[in-house]
Amino acid sequence: MENFKVLIDEKRLDQRIAEIAKEIENDYQGEEVVFCSVLKGAIFFTVDLMKKYNGLCEIQFVRVSSYEGENSTGTVTLKIPLKKENIENKNIILIEDIVDTGRTFNYLVDYVKELNPKSIKTCVLLDKKARRVVDFEADYVAFDIDDLFVVGYGLDYDEKYRNIPYVGYVQK
Ligand code: IMP
């Protein structure tokens, strides 16, 4: 396996995710939430967040794709849809691994709104604000990062390196 530089180590991930879980708990005050995890990248983050979340919650999955290798294709395609009965009248928290151009989240928020949730918020592990092409700001952001291509903790390069336990990058 290639040698990656550590951008965010396991301890920092752990601490920050615990803070986000608390923030969400405070915002929902005992109301049930549905963590809607965007496959595949957000699974590690979603699972760790849920384990730290002390409240009533469910998990659902949705899958879209827009990336090939290091490049966004610009078009978001729905690969695994949500079921309306799992979303309607519920407090949805959409969870993504990273916001880059903002296209994926923009698409997903519109998609979820069509399923009539009670409320919708967005939560992201990594935010690459410098790369935005559409206006988008997540409600919960664990870390702002520079314009680097990152892997690990769920994030891939051509489907590989998701299993690295920290967020890393290749120094060019
Ligand atoms: P956006 O639609 O451009 O905001 O891209 C979001 C999606 O692109 C994420 O869910 C990731 O799958 C992928 N992505 C963006 N940046 C990176 C990166 O640095 N490493 C791995 N995947 C990335």
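Computed from a predicted model, the values in this text were never measured in an experiment.

1. Remarks on the overall build of the protein
- The helix and strand inventory of the protein stands at three helices and nine strands.
- Computed over C-alpha atoms, the radius of gyration of the protein comes to 15 Å, within 12% of the 16 Å expected from 2.2 N^0.38 for 172 residues, which places it in the range of a compact globule.
- Principal axes of the C-alpha set define a box for the protein whose edges measure 45 × 35 × 25 Å.
- Buried residues in the protein amount to 45% of all 172 residues.
- For the protein, long-range pairs separated by at least 24 residues make up 68% of all intrachain contacts whose partners lie at least 6 apart in sequence.
- For the protein, the exposed surface amounts to about 9100 Å²; the carbon and sulfur share of it is 44%.
- Measuring between centres, the 24 positive side-chain charges of the protein sit 2 Å from its 31 negative side-chain charges.

2. Remarks on the site of the ligand
- Neighbouring the ligand are 16 residues, the closest being D100, T101, G102, T104 and V150.
- One of the side-chain N or O atoms of D97 is found 2.9 Å from an oxygen atom in the ligand.
- D100 places a main-chain nitrogen or oxygen 2.9 Å from an oxygen atom of the ligand.
- Coverage of the ligand by the protein amounts to 93% of the 490 Å² it exposes when considered alone.
- Taken together, the elements giving at least two residues each to the shell around the ligand come down to β5 (91–99) and α3 (103–113).
- Among the elements that make up the shell around the ligand, the one with the highest residue count is β5 (four residues).
- Looking at the shell around the ligand residue by residue, the classes come out as seven nonpolar, three polar and six charged.

3. Structural notes on the pairing of strand β2 (residues 33–39)
- The buried fraction of β2 is high, at six of seven residues.
- Of the strand pairs in this sheet, β2 and β5 are connected by five bridges, and their pairing is parallel. Bridge pairing in β5 links V34 to I92.

Cut-offs applied
Residues numbered from 1 in each chain as written. Predicted model: local features only at pLDDT ≥ 70, side-chain atom pairs only at ≥ 80, totals over all residues. Heavy atoms only, no water. Helix = DSSP H or I, 4+ residues; strand = E, 2+ residues; numbered from the N terminus. Rg over C-alpha atoms; globule rule 2.2 N^0.38 Å. Buried < 20%, exposed > 50% of the residue type's maximum accessible area, 1.4 Å probe, protein only. Contact = heavy atoms within 4.5 Å. Areas by Shrake-Rupley, 256 points an atom, 1.4 Å probe, with all protein chains shown as cover. Lys, Arg positive; Asp, Glu negative; His and termini not counted. Charge placed at Lys NZ, Arg CZ, Asp CG, Glu CD. Near = heavy atom within 4 Å. Polar contact = N/O pair within 3.5 Å; in protein donor to acceptor, adjacent residues only side chain to side chain. Nonpolar A, V, L, I, M, F, W, Y, C, P; charged D, E, K, R; others polar. Pairing = 2+ DSSP bridges.

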